[in-house]
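The lines below spell out each chain.
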Amino acid sequence: MYLSRPGLPLIIKPFWLRRLSLQGEAWRAYGLQTADGVIQIAQPSRVRQELARAAALRVVVPLVFLLRS
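Residues numbered from 1 in each chain as written. Predicted model: local features only at pLDDT ≥ 70, side-chain atom pairs only at ≥ 80, totals over all residues. Heavy atoms only, no water.

### Structural notes on the overall build of the protein
Basically, it comes down to this: Going along the chain from the N terminus, every DSSP run of H or I of four or more residues is numbered as a helix, and every run of E of two or more is numbered as a strand. We call a residue buried when its accessible area falls under 20% of the maximum for its residue type, exposed when it is over 50%, and partly exposed in between, using a 1.4 Å probe and counting protein chains only. Residue contacts follow a heavy-atom distance rule, with two residues in contact if any of their heavy atoms lie within 4.5 Å.
Across its full length, the protein holds one helix and three strands. Going from N to C terminus, the protein has its helices and strands arranged as β-β-β-α. Counting across all 69 residues of the protein, residues that qualify as buried make up 12%. Partitioning the contacts of the protein with sequence separation of at least 6, the portion at a separation of at least 24 is 15%.

Written as structure tokens, this is what we have:
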């Protein structure tokens, strides 16, 4: 088993999406139970928000320039 961050809880259900609070930090976690085991992916909500903000800026900035033309 590979853990990039030891200490995250293992939640076993067929498929799930959870918002967790670990050590005071908000996380989004996804899980999938397969025949071979459980696959879990978790990401701090802060990182997710930063990625969403960056993607929005990539769209909005060109639109502003187009509207000003």
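### So, the confidence of the model for the protein
Basically, it comes down to this: As a per-residue measure, pLDDT tells how confident the predictor is, with possible values from 0 to 100.
Within the protein, residue pLDDT values average 82, and 80% of them lie at 70 or more. Of all helices and strands in the protein, the one with the weakest mean pLDDT is strand S1 (residues 15–22) (83), whereas helix H1 (residues 45–68) scores best (93).

### Focus on the environment of glutamine 40
Positionally, glutamine 40 belongs in strand S3 (residues 38–44). Taking C-alpha positions, glutamine 40 is 7.1 Å from alanine 29, a pair spaced 11 residues apart along the chain.

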